[in-house]
Every structure is written in C-alpha cells, then in structure tokens.
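Structural overview for review
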Amino acid sequence: MRLLAEKVCVDRGGRRIVEDVDFALADGQALILSGPNGAGKSTLLRAIAGLLPLASGALTLDGESEEIAASLHYVGHAEGMKPALTVRENLDFWGAFLARDTATAALAPADALDAFGLAHVIDIPAAYLSAGQKRRVALARLLVAPRPIWLLDEPTTALDVRAQGALAAVMARHRDSGGMVLAATHSPVGLENAAELKLGTAP
C-alpha cells in the first residue's frame, strides 16, 4: 500500500494554507508533520481525511483517490464521545460504525482500553473522565475498528508520560503489522525512524 501526495494545495477562508505538498508513505512508515501554529498541519490532515477539499494537486492510495477515506482513521482535537454513554458503549458504537474488512483483527473495547491502561473505566459514563482519559479513549478507537492509515492531530495532548509510552507502543505495533502513521505535532510522539515534513517554512 502506498499513500501519495502530489502538489497538494488546500485553501481555507479564501486563503492558501497548504501549498505544493509532496510526500509518499508506504507500509510500516510514519510521517511527522511539524511547523509553527497556523502552518497548515491540521488542515493537511483534514484534507487527507476527506474533510476538506483540495484546491489543487492529488492524493492517491495505490493510484486511486476514492479509497483513501475508507482506509484511514482520523483522530483530531475533538474526542468524539457521547458524554451520557459509558466508555464501552462509545467504543461499541465506533467499532460498529467504522468497521470494515481488514487483515488486522479488531480488539474488543476492554482490550483496546487495556492497551492504554484504561480497562478500569470501561463502564463509567464518558462525562466523568478526565481530559487525559478522554484522549486515551479516543485513541482506543484506532484498535476497535482497524484501518491501515492513522492520521493523528497532536495525539499526545493531555497525556502523561505513561500514556505517551502506551501510545508509542500502540503505534509501533501498528507499523510492525504494515500500518502507516501521519502525526501532526509540536513535540516528540515516540515514532521511531519517522520522516518529517516541515510546513510553514521557506523552501
């Protein structure tokens, strides 16, 4: 599998935010998007996810543009949980909603939470979770409905050192199984041997 960006440009509010971005990502690889605030990191991830249109350029997966959204997970700043539902109920919903046939088996909510050290909150309403716990539950969605491409926007936000280590281990296992990771970040996220794409800087 190969994700390719060619001369990608994205506009927001009538202004060019991302201009002429090129990259190629293959099985097991990772790409870190870096740059100052406003450089277009989140905008580029949202465009790859199909949430924003391209002004020009092309994004393709194995030469096709139609299959990208169905092959990825996007974890943005919003946690995507119903506060009144328990953590299990939230993960059950996302597991069913995002399910697709993949070579990687989906984890049950309890096992996905255990990967992030959160098995003990499974029957607690999401409204009662701390910011860090909500972030880890959002990341656990990656495991209940496996997809090969992960788009992660500031994934370590609100995570303590132990949770950051758990995320690094989860990303490493994903890459070992042939998955790809694109992460927008201002700080280290534990992605070993990752390429870096700096946005918002002069060529």
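On a predicted model such as this, the values are computed, not experimentally measured, just so you know.

Our focus in this paragraph is helix α5 (residues 161–176). Along its 16 residues, α5 runs 23 Å from first to last C-alpha, staying within 8% of the 22 Å computed at 1.5 Å per residue. Of the positions making up α5, those classed as buried are Ala163, Ala166, Leu167, Ala168, Val170, Met171, His174 and Arg175. Looking at the buried side of α5, the elements it contacts are β3 (30–34), α3 (109–115), α4 (131–144), β6 (149–153) and β7 (180–184). Backbone geometry just after α5 places glycine 178 at a positive phi near 100°.

This paragraph deals with the side chain of arginine 175. Within the element layout of this structure, arginine 175 appears in helix α5. Buried within the structure, arginine 175 lacks any salt-bridge partner; aspartate 176 is the closest side chain of opposite charge, at an N-O distance of 6.8 Å. Not counting residues within four places of it along the chain, the set of residues in contact with arginine 175 comprises Gly28, Gln29, Ala30, Val181, Leu191, Glu192 and Asn193.

As a further point, take the pattern of salt bridges. Per the stated rule, a full pass over the model turns up 4 salt bridges. Of the charged contacts, one joins arginine 16 and aspartate 11 as a salt bridge, the two residues approaching to 2.3 Å between their closest N and O atoms. Classification of aspartate 11 by relative accessible area gives partly exposed; the value is 33%.

Pairing between sheet strands relies on hydrogen bonds along the backbone, with the strands arranged either parallel or antiparallel. Pairing in this open sheet of 5 strands is parallel, and the strands run β5-β6-β7-β3-β8 from one edge to the other. Whereas interior strands pair on both sides, the edge strands pair on one side only; in this sheet they are β5 (72–75) and β8 (195–198). For this sheet the average axis-to-axis angle between neighbouring strands, irrespective of direction, equals 15°. Bridging between β6 and β7 involves 5 bridges; their strand directions are parallel. Each residue of the ladder has a partner; that of isoleucine 149, found in β7, is methionine 180. Set on the sheet, helix α1 (residues 41–48) makes contact with β3, β5, β6, β7 and β8; between it and β6 the angle comes to about 150°. Together, β5 and β6 form the strand contacts of α4, whose direction differs from that of β5 by roughly 175°.

This brings us to unusual backbone geometry. With a phi angle near 50°, lysine 7 is a residue other than glycine that sits in the positive phi range. Phi is positive for alanine 158, which is not a glycine, with a value near 70°. Topologically, alanine 158 is positioned in the loop between β6 and α5.

Attention shifts here to the packing of aromatic side chains. Counted according to the given criterion, the structure contains 3 aromatic pairs. Summarising the aromatic geometry, the rings of phenylalanine 93 and tryptophan 94 are spaced 5.1 Å apart at their centres and angled 75° between planes, so their arrangement reads as edge-to-face. Taking the relative accessible area as the measure of exposure, phenylalanine 93 reaches 45% and is therefore partly exposed. When the ring of phenylalanine 93 is compared with that of phenylalanine 97, the centres are 5.6 Å apart and the planes differ by 15°; the resulting orientation is stacked. Remark: phenylalanine 97 and phenylalanine 93 occur in helix α2 (residues 87–97); sequence separation between them is 4 residues, near one turn of the helix. For phenylalanine 97, a relative accessible area of 56% puts it in the exposed group. The structure contains a cluster of three or more aromatic residues connected by ring pairs, namely Phe93, Trp94 and Phe97. The ring of tryptophan 94 has arginine 141 sitting right over it, with the charged end atom 5.0 Å from the ring centre.

Before going further, it helps to examine α1. Here α1 lies mainly inside the structure; 6 of its 8 residues are buried. A positive backbone phi angle near 85° is found at glycine 50, which sits one or two residues after α1.

Take the packing of α2 against α4 next. Between α2 and α4, whose axes approach to 9 Å, the crossing angle comes to 45°. Taken as axis vectors, α2 and α4 run oblique relative to one another. The handedness of the crossing between α2 and α4 is right-handed. Facing α2, whose interface residues are Val87, Leu91, Trp94 and Gly95, α4 presents Val137, Ala140, Arg141 and Val144.

Basis of the calculations
- Residues numbered from 1 in each chain as written.
- Predicted model: local features only at pLDDT ≥ 70, side-chain atom pairs only at ≥ 80, totals over all residues.
- Heavy atoms only, no water.
- Helix = DSSP H or I, 4+ residues; strand = E, 2+ residues; numbered from the N terminus.
- Expected span 1.5 Å × (residues − 1).
- Buried < 20%, exposed > 50% of the residue type's maximum accessible area, 1.4 Å probe, protein only.
- Contact = heavy atoms within 4.5 Å.
- Lys, Arg positive; Asp, Glu negative; His and termini not counted.
- Salt bridge = Lys/Arg side-chain N within 4 Å of Asp/Glu carboxyl O.
- Pairing = 2+ DSSP bridges.
- Axes fitted to C-alpha atoms, helices over the stretch in contact; angles between N-to-C directions.
- Phe/Tyr/Trp six-rings, centres within 6.5 Å; stacked < 30°, edge-to-face > 60°.
- Lys NZ or Arg CZ within 6 Å of the ring centre and 35° of its normal.
- Parallel < 35°, antiparallel > 145°, perpendicular 65-115°, else oblique.
- Left-handed = near helix turned anticlockwise from the far one by under 90°.

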